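Listed here are the chains, written in short residue letters.
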Amino acid sequence: MTKIQEYINELKEKSDKRFDDFDIIEIDNINSILDKAYIDKPTWLGGDKEFVCLFIDLDKSSKKSFKKHPKTMAKIYDYFTQNIVDVLNHPTIGADYIDIKGDGAFGVFGGDQASFKAFYCAITFKTLFEEKIKNKFGTEEESLGCKIGIHKDKVLVRRIGKRGEGNYNEVWAGKLVNNASKLASQKIEPSNLGVFDQNLIFVSDKVYKDFEDNEEFGLYRCCDVSSEESVSIINQKVPVFTRVEEPSEETLGDCFYKTDVRWCNKCADKYIDLIR
Ligand SMILES: [Zn+2]
């Protein structure tokens, strides 16, 4: 037998053993994935516990000059991605796990306030993006856009690494990260939502339900509406989220929600203070 045939046979034997030993361990803390004990075993981490993923991506589709100038693109990419990671590292509302993916990054949040923390991170980045980042690179005709999606689901994740090198990558199977990414990519025609149509935050049904069950975390808009609108709606609750029916992606379920909110100058800290 040639050496390469021996090698192939060995790989086959090894992978058959992995296949037989395959196992899923229940986790209730996302930090468990960092446990080195799982690396050499074909063990995935999952279970019934649900986590929340916030996915933020750079929308290049509207900026044609990206293709022409790789250096400019890299510069924007660097600036953009680092800011996402920094927001996801916020001491109060930050994520439990952060990773870079493509042109963007995502964070995974655990605990019973996961949906709210993810949403507040999303609004923080959106506010930063629209008020500080966008104009640094965009011209009026060709402005930068960002894509934001939040999904709640069970996890199925495994750490894969090169033995002894300390270099590991997590592989996220299941819907948690994938659906957050798909939500971020939803294209909604400009509507009557307001002037910030370009950058919307999309949340799945499950994330929305957490707000419905805990209104104080931001189901309705705060004071920022009443000053400009007619007197009649001053005491009326204005919903933050608008329902979108029939997503183009089947995996997103029957509906999802969109919002164009930014942090209100007066009320932002009041919401952050709700996070334990
Ligand atoms: Zn307010």
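Residues numbered from 1 in each chain as written. Predicted model: local features only at pLDDT ≥ 70, side-chain atom pairs only at ≥ 80, totals over all residues. Heavy atoms only, no water.

Section: the side chain of Lys147
Structurally, Lys147 is set in strand E6 (residues 145-154). Buried charge without a salt bridge: Lys147, with Asp57 as the nearest opposite-charge side chain at an N-O distance of 4.1 Å. Excluding its chain neighbours within four sequence positions, the residues that come into contact with Lys147 are Phe55, Ile56, Asp57, Leu58, Asp59, Ala184 and Ser185. (Helix = DSSP H or I, 4+ residues; strand = E, 2+ residues; numbered from the N terminus. Buried < 20%, exposed > 50% of the residue type's maximum accessible area, 1.4 Å probe, protein only. Lys, Arg positive; Asp, Glu negative; His and termini not counted. Salt bridge = Lys/Arg side-chain N within 4 Å of Asp/Glu carboxyl O. Contact = heavy atoms within 4.5 Å.)

Notes on the pairing of E6
Counting buried positions along E6 yields nine of 10 residues, so the element is predominantly enclosed. As defined by bridge partners, strand E3 (residues 50-59) adjoins E6 across 10 bridges and the pair is classed as antiparallel. By the bridge assignment, Leu54 is partnered in E6 with Ile150. Alignment of E6 against strand E9 (residues 201-204), held across three bridges, turns out to be parallel. Considered in E9, the bridge of Gly149 is made with Phe202. (Pairing = 2+ DSSP bridges.)

Describing the packing of helix H3 (residues 70-88) against helix H4 (residues 114-137)
Contact geometry of H3 with H4 gives a least axis separation of 10 Å together with a crossing angle of 155 degrees. The orientation of H3 relative to H4 falls into the category roughly antiparallel. The two elements H3 and H4 cross, and the hand of that crossing is right-handed. Along its contact with H3, which presents Lys75, Ile76, Tyr79, Phe80, Asn83, Ile84, Val87 and Leu88, the element H4 presents Cys121, Thr124, Phe125, Leu128, Phe129, Ile133, Lys136 and Phe137. For the contact of H3 with H4, the residue count by class is 12 nonpolar, two polar and two charged. (Axes fitted to C-alpha atoms, helices over the stretch in contact; angles between N-to-C directions. Parallel < 35°, antiparallel > 145°, perpendicular 65-115°, else oblique. Left-handed = near helix turned anticlockwise from the far one by under 90°. Nonpolar A, V, L, I, M, F, W, Y, C, P; charged D, E, K, R; others polar.)

Digging into the pattern of salt bridges
Under the counting rule described, the total for this entry stands at 14 salt bridges. Lys126 serves as the salt-bridge partner of Glu130, at 3.1 Å between the closest nitrogen and oxygen. With Glu130 and Lys126 both in helix H4 and four residues apart, the pair spans about one turn of that helix. By the burial criterion, Glu130 is buried, and Lys126 matches it. Measuring nitrogen to oxygen at the nearest pair gives 3.3 Å for the salt bridge that ties Arg262 to Glu131. On the criterion of sequence distance, the pair formed by Arg262 in the loop between strand E11 (255-259) and helix H7 (268-272) and Glu131 in helix H4 is long-range, its members being 131 residues apart.

Quick word on a nonpolar patch on the surface
Judged by side-chain polarity, Ile4, Tyr7, Ile8 and Leu11 come together as a nonpolar surface patch covering roughly 410 Å² of accessible area. In this fold, Ile8 is placed in helix H1 (residues 3-21). (Patch = residues over 30% accessible without salt bridge, like charges linked within 9 Å, V, L, I, M, F, W, Y side chains within 5 Å. Areas by Shrake-Rupley, 256 points an atom, 1.4 Å probe, with all protein chains shown as cover.)

Some remarks on H3
Because each turn of an α-helix spans 3.6 residues, side chains separated by three or four positions in sequence point in the same direction. The end-to-end C-alpha distance of H3 is 26 Å, a good match for the 27 Å that 19 residues give at a rise of 1.5 Å each. Residues of H3 that are buried: Met73, Ile76, Phe80, Thr81, Asn83, Ile84, Val85, Val87 and Leu88. (Expected span 1.5 Å × (residues − 1).)

A few points about the packing of aromatic side chains
Geometry of an aromatic ring pair is reported as the spacing of the ring centres plus the angle between the planes. In total, this model carries 18 aromatic pairs according to the counting rule given. For the pair Phe119 and Phe241, a centre-to-centre distance of 5.1 Å together with 45 degrees between the ring planes defines the contact as tilted. Here the residue Phe119 occupies a position in helix H4, and Phe241 occupies one in the loop between helix H6 (205-213) and strand E10 (242-245), the gap between them amounting to 122 residues. Across the pair, Phe241 and Phe119 agree in class, each one buried. One aromatic cluster in this structure is built from Phe116, Phe119, Tyr208, Phe211, Phe217, Phe241 and Tyr257. Its end group placed over the ring of Tyr271, Lys270 keeps NZ or CZ at 5.2 Å from the ring centre. (Phe/Tyr/Trp six-rings, centres within 6.5 Å; stacked < 30°, edge-to-face > 60°. Lys NZ or Arg CZ within 6 Å of the ring centre and 35° of its normal.)

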